[in-house]
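Structural features, examined
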Amino acid sequence: MALIVQKFGGSSVRDRERIFNVARIVANTHNAGNDVVVVVSAQGDTTDDLIAKAAEITHNPSAREMDMLLATGEQISIALLAMALNEIGCHATSLTGWQAGFRTNRAYTKARITRMETERITSELARNRVVVVAGFQGINKLDDITTLGRGGSDTSAVAIAAALHADRCQIYTDVEGVYTADPRKVRNARKLPEITFDEMLELASLGAQVLNNRSVELAKKYNVELEVLSSLNPMPGTLVKEVAKDMEGMLIKGVAKDTDVAVITIMNVPDEPGMSFKIFGMLAQKNINVDIILQSTGRDGKKDVIFTCSQGDAPVAMRALKESAKFNQVSCDNSYAKVSIVGAGMQSHSGVAASMFEALANNNINIHMISTSEIKISCIIDREEADRAVSAIHDSLFD
Ligand code: ADP
Ligand code: ASP
Ligand code: MG
């Protein structure tokens, strides 16, 4: 008998039919003699709809109240799935995040899991119940409900798998695995049988929505092997693990696009020691994740500093730069996107970057910023060109 964690995303529990489909997958796993913990997301677009509802009331909702609101989406799913399981003769108990023992820090809307108290889950499993847990949510020291950030149910599933030392952690979604690019956008994207944690972490962080990046971080930390597969087509998916089978000649594992990019420019910064520390130290204090940084060479004792961050963080960054740091020539532009290629194989091969730039050049797509690491190359381009860029790069690197 194994302990299996199965996570189902919003599209997998979208309506009555899909809920019963999930219930059958779970019941089959349980009937085969396994202990099963199921993690579910809110149905379909529920989370987006709840955000829109909040916006009808205020443009500046408190983060605490947002979490109170957003957590209701997952609560609907767990109750409905537990009912469906009971209906088909599989005894199930639903648990909210706090009942399931997710303790988090205080950071409303982007909380981190600090501890798992698994007693309630294990006692339900001991009663031979399937446990259906609300993803994406936990509780902080003030006993307030917190949420883990968009796509956070993946992280909930991995956290439970790690805490219970589960034998398997399956992430069921609406595509058949992890592909070399978003299969809904790139027609000849290929399914990867295996990918390493490091490559998946980069892909997820660079915009491949199929797994939340924090879930991959956690999976790597606790060595929880993940299987990404479809809830609609029963076939092997993609294994995400520490060491993946070497696929001969496959230098690049994927192409990703991220449109959540704000480019912030500070003009005429004094060209003197300590300026970068002043800017980025202050942004770090405000918990702002800065991605690519560019700096012009000095002229007449001045220079320009350009950096990217998420669009959600941009207003806070702008305010900090103008009000606290007293820079008066600061601007923010949201019309860009980041396209990236990822693959551990590129470290030992020259010419990969050139191929990517060539694909963009052949399609007349201008590159505004570039950043590289051992296993990825990213380019900032105009957002309206992003889908075309991903296809062009994919065609040139995979065909
Ligand atoms: P869920 O609701 O199950 O959490 P998501 O919508 O969060 O599902 O993630 C699945 C989606 O991720 C797919 O429908 C697909 O469009 C998108 N996606 C983006 N990049 C990739 C990729 N490289 N491989 C597979 N899917 C991807
Ligand atoms: N429902 C949340 C979201 O839409 C969490 C998740 O789906 O993983 O982001
Ligand atoms: Mg998701």
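As a starting point, this report considers the structure included with it.

Criteria and thresholds
Residue indices begin from 1 for each chain and proceed along its sequence in written order. Chains carry letters from A onward and ligands carry numbers from 1 onward, assigned in written order. Local features in this predicted model are restricted to residues whose pLDDT is 70 or higher, and side-chain atom pairs enter the listing and the counts only when it is 80 or higher, whereas totals over whole chains, interfaces and linings include all residues. Neither water nor hydrogens contribute to the side-chain values; these are computed over all heavy atoms in the structure. Elements are defined by DSSP. Helices are runs of H or I of four residues or more, strands are runs of E of two residues or more, and each kind is numbered from the N terminus. Using C-alpha atoms as the atom set, the radius of gyration is obtained and then compared with a globule rule of 2.2 Å times the number of residues to the power 0.38. Throughout this description, buried means an accessible area under 20% of the type-specific maximum (1.4 Å probe, protein chains only), exposed means over 50%, and partly exposed covers the range between. The directions from the helix axis to the C-beta atoms form the arc being described. Here, two residues are considered to be in contact whenever any of their heavy atoms come within 4.5 Å of each other. Summary of the distance rule: residues count as near a molecule or strand when at least one heavy atom falls within 4 Å of that molecule or strand. The definition of a polar contact used here is a pair of N or O atoms within 3.5 Å, where within protein one atom must be able to donate a hydrogen and the other to accept one, and adjacent residues in sequence count solely through side-chain atom pairs. Residue exposure ignores everything except the shown protein chains as possible cover, and the areas themselves are Shrake-Rupley values with a 1.4 Å probe. A pair of strands counts as paired when DSSP detects no fewer than two bridges linking them. Each axis is a line fitted through C-alpha atoms, taken for helices only over the stretch in contact, and angles between the N-to-C directions span 0 to 180 degrees. Among the buried residues, those of types Ala, Val, Leu, Ile, Met, Phe, Trp, Tyr and Cys that are joined through side-chain atoms within 4.5 Å form a nonpolar core. Ring pairs are drawn from Phe, Tyr and Trp, using the six-membered ring of Trp, whenever the two centres fall within 6.5 Å, and their geometry is named by plane angle: stacked under 30 degrees, edge-to-face over 60, tilted for the rest. Counting as a charge over the ring demands two things of the Lys NZ or Arg CZ atom: a distance within 6 Å of the ring centre and an angle within 35 degrees of the ring normal. Two helices cross in a left-handed way if the nearer one is turned anticlockwise from the farther one by less than a right angle. They cross in a right-handed way if the turn is clockwise. Charged residues are taken to be Asp, Glu, Lys and Arg, nonpolar residues to be Ala, Val, Leu, Ile, Met, Phe, Trp, Tyr, Cys and Pro, and polar residues to be all remaining types, Gly included.

To continue, consider the overall build of the protein chain. Tallying secondary structure elements over the protein chain gives 11 helices and 20 strands in all. A compact globule built from 399 residues would reach a C-alpha radius of gyration of about 21 Å, and the protein chain, at 22 Å, matches this within 12%. The principal-axis extents of the C-alpha atoms in the protein chain amount to approximately 75 × 50 × 35 Å. Evaluated residue by residue, the protein chain yields a buried proportion of 50% over its 399 residues.

Looking only at helix H6 (residues 197-205), the buried set comprises Phe197, Glu199, Met200, Leu203 and Ala204. Projected down its long axis, H6 shows its buried positions confined to an angular sector of 160°, all on one face. Among the structural elements, strand S10 (194-196), helix H7 (213-221), strand S12 (238-241), strand S13 (254-258) and strand S18 (336-342) are those in contact with the buried residues of H6. Of the residues one or two after H6, Gly207 is the one with positive phi, at around 120°.

Turning to the site of ligand 1, a few remarks are in order. Around ligand 1 sit 18 residues in total, of which Thr173, Asp174, Tyr179, Asp182 and Arg184 are the nearest. Contact between ligand 1 and Gly10: an oxygen atom at 3.2 Å from a main-chain N or O atom of the residue. Note that a nitrogen atom of ligand 1 is positioned 2.9 Å from one of the backbone N or O atoms of Tyr179. With the chains in place, 87% of the 580 Å² that ligand 1 exposes on its own is no longer accessible.

Next up on the list: the pairing of S13. The element S13 is extensively covered by neighbouring structure, given that four of its five residues are classed as buried. Note: S13 against S18, five bridges, orientation antiparallel. Across the sheet, residue Lys257 finds its bridge partner in S18, namely Val339.

Overall, antiparallel pairing links the four strands, which are arranged S15-S16-S14-S17 in an open sheet. Each of the sheet's edge strands pairs with one partner strand only, and the pair in question is strand S15 (293-295) and strand S17 (330-333). Strand-to-strand twist in this sheet, taken as the mean axis angle between neighbours without regard to direction, amounts to 15°. Where S15 and strand S16 (residues 302-309) come together, three bridges link them in antiparallel fashion. For Ile293, the partnering residue across the bridge sits in S16 and is Phe307. Packed on one face of the sheet, helix H8 (residues 275-285) meets strand S14 (262-270), S15 and S16 and runs near 25° to S16.

What follows covers the nonpolar core. Judged by nonpolar contacts, the single largest core of 61 residues is most densely connected at Val37, Ile121, Val133, Ile160, Cys169, Met200 and Ile341. Counting residues per element, this core draws most heavily on helix H5 (residues 153-163), which supplies six residues. With residues up to four places along the chain from it excluded, the contact list for Ile341 reads Ile252, Gly254, Val255, Met346, Val352, Met356, Ile375, Lys376, Ile377, Ile393 and Leu397. Counting residues in hydrophobic clusters, the runner-up holds 24 residues, among them Ile25, Val26, Ala27 and Val130.

A word on the packing of aromatic side chains. Taken as a whole and assessed by the stated rule, the structure comprises two aromatic pairs. Consider the rings of Phe8 and Tyr172, whose centres lie 4.6 Å apart with planes at 10°: the pair is stacked. You can see Phe8 sitting in strand S1 (residues 3-8) and its partner Tyr172 sitting in strand S9 (residues 168-173), a full 164 residues away along the chain. Each ring, one from Phe280 and one from Phe307, has its centre 5.5 Å from the other, and the planes form 80°; the classification is edge-to-face. Residue Phe280 is found in helix H8, and its partner Phe307 is found in strand S16; the two are separated by 27 residues along the sequence. Pair check on accessibility: Phe280 and Phe307 agree, each one buried. When the ring centre of Phe327 is taken as origin, the NZ or CZ atom of Lys278, which lies over that ring, is 5.1 Å away.

Right, let's get into the packing of helix H2 (residues 46-57) against helix H3 (residues 63-87). If you want to describe how two helices pack, look at the angle between their axes and the distance between the axes. In contact at an axis separation of 9 Å, H2 and H3 are set at 150° when each is read in the N-to-C sense. Classified by chirality, the crossing of H3 by H2 is right-handed. The segment H2 lies against H3, with Thr46, Thr47, Leu50, Ile51 and Ala54 engaging Met66, Leu69, Leu70, Thr72 and Gly73.

Moving on, we come to the side chain of Thr47. Tracing the backbone through its elements, the reader meets Thr47 in helix H2. On the basis of relative accessible area, Thr47 is assigned to the buried category, the value being 10%.

Moving on: the sheet that holds strand S19 (residues 369-372). Spatially, four strands are ordered S13-S18-S20-S19 in an open sheet, and the strand pairing comes out antiparallel. On the outer flanks of this sheet lie S13 and S19, each paired with one strand and no other. Ignoring strand direction, the axes of neighbouring strands in this sheet form an average angle of 20°. As paired strands, S19 and strand S20 (residues 376-382) are joined by four bridges and run antiparallel to one another.

Further remarks concern the site of ligand 2. Around ligand 2, the neighbouring residues are Ser41, Ala42, Thr47, Glu74, Phe136, Arg150, Gly151, Gly152 and Ser153. Side-chain polar atom of Glu74 to a nitrogen atom of ligand 2: 2.7 Å apart, as the coordinates give it. About the coverage of ligand 2: the protein hides 86% of its 260 Å² of free accessible area. Of the residues assigned to the shell around ligand 2, the class counts are two nonpolar, five polar and two charged.

Geometry only, nothing functional implied.
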